[in-house]
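# Architecture and fold: a report
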Amino acid sequence: MTCDEFLATIDAYLDDALSIMDILRVHRHLLSCECCYRVMGSEATLHSLLADDAARDQPPGSLRERITLRVAAEERARSKARARPEPFASRSAILAGRLGQASSSSSTDLRKQECGGPDTSGS
Ligand SMILES: [Zn+2]
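It should be emphasised that the depicted structure is a prediction, and the values quoted were computed from it without experimental measurement. (Residues numbered from 1 in each chain as written. Predicted model: local features only at pLDDT ≥ 70, side-chain atom pairs only at ≥ 80, totals over all residues. Heavy atoms only, no water.)

### With respect to the packing of helix α1 (residues 3–14) against helix α3 (residues 34–56)
Between α1 and α3, the least distance of the axes is 11 Å, while the angle of their chain directions is 25°. Relative to α3, the element α1 is oriented roughly parallel. The two elements α1 and α3 meet at a crossing, and its hand is right-handed. Contact residues: C3, F6, L7, I10, D11, Y13 and L14 in α1; C36, V39, M40, E43, A44 and H47 in α3. Counted by class, the contact of α1 with α3 contains 10 nonpolar, 1 polar and 2 charged residues. (Axes fitted to C-alpha atoms, helices over the stretch in contact; angles between N-to-C directions. Helix = DSSP H or I, 4+ residues; strand = E, 2+ residues; numbered from the N terminus. Parallel < 35°, antiparallel > 145°, perpendicular 65-115°, else oblique. Left-handed = near helix turned anticlockwise from the far one by under 90°. Contact = heavy atoms within 4.5 Å. Nonpolar A, V, L, I, M, F, W, Y, C, P; charged D, E, K, R; others polar.)

### Quick look at the coordination of the zinc ion
For the zinc ion, the protein coordination sphere consists of C3 (SG), H29 (NE2), C33 (SG) and C36 (SG), at 2.0 to 2.4 Å. Every donor counted, the 4 donor atoms about the zinc ion form angles of 99 to 116° at the centre, which fits tetrahedral coordination. Positions of the donor residues of the zinc ion along the chain correspond to the pattern C-x25-H-x3-C-x2-C. Like C36, C33 is buried. (Donors = N, O, S within 2.8 Å, 3.2 Å for Na, K, Ca; no water. Tetrahedral: all angles 85-135°; square planar, octahedral: opposite > 155°, others 65-115°. Buried < 20%, exposed > 50% of the residue type's maximum accessible area, 1.4 Å probe, protein only.)

### Topic: a nonpolar patch on the surface
Residues I20, M21 and L24 make up a contiguous nonpolar surface patch of roughly 330 Å² in combined accessible area. Its location among the elements puts I20 in helix α2 (residues 20–32). Taking the relative accessible area as the measure of exposure, I20 reaches 64% and is therefore exposed. (Patch = residues over 30% accessible without salt bridge, like charges linked within 9 Å, V, L, I, M, F, W, Y side chains within 5 Å. Areas by Shrake-Rupley, 256 points an atom, 1.4 Å probe, with all protein chains shown as cover. Salt bridge = Lys/Arg side-chain N within 4 Å of Asp/Glu carboxyl O.)

### Overview of the packing of α2 against α3
Following both chains from N to C, one finds α2 and α3 inclined at 115°, their axes separated by 6 Å at the closest point. Relative to α3, α2 is oriented so that their crossing is left-handed. Listed contacts from α3 to V26, H29, L30 and S32 of α2 are E34, C36, Y37 and M40. Considered class by class, the residues forming the contact of α2 with α3 number 5 nonpolar, 2 polar and 1 charged.

### Side note on α1
Along its 12 residues, α1 runs 16 Å from first to last C-alpha, staying within 8% of the 16 Å computed at 1.5 Å per residue. In this structure, the buried side of α1 is in contact with α2 and α3. Just past α1, the residue D16 takes up positive phi, approximately 55°. (Expected span 1.5 Å × (residues − 1).)

Rendered as structure tokens:
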């Protein structure tokens with residue numbers, strides 16, 4: 001392992017995300033390279049400080065409640081918007097309908113054939 005490789009894997013090492021083989025390679029490099037050993041020391045200290053800070057920083061109990069209320073309100077607003085169509089949405093629906101008419105003649109013929117069609121209805 002080179003020093004560059006070590007620096008590239010140091011975060012994964014501190015996050016316990018390396019395979020056993022990679023961990024062994026990191027340890028072997030640290031035994032032979034004093035510079036990286038020092039880097040590892042300061043990175044490990046920083047990592048543990050961040051971990052402590054993250055563990056201490058708990059969100060307030062009301063946060064979950066506020067998020068739940070907000071999501072519920074947005075869902076209600078969204079379902080209301082769906083109930084009364086906006087002019088833009090209806091215009092695009094009309095356009096889609098026209099496009100569908102232009103290209104759907106063959107598919108409706110197929111559907112008629114599947115349903116029996118007009119010529120096999122009575123006699
Ligand atoms: Zn090194």
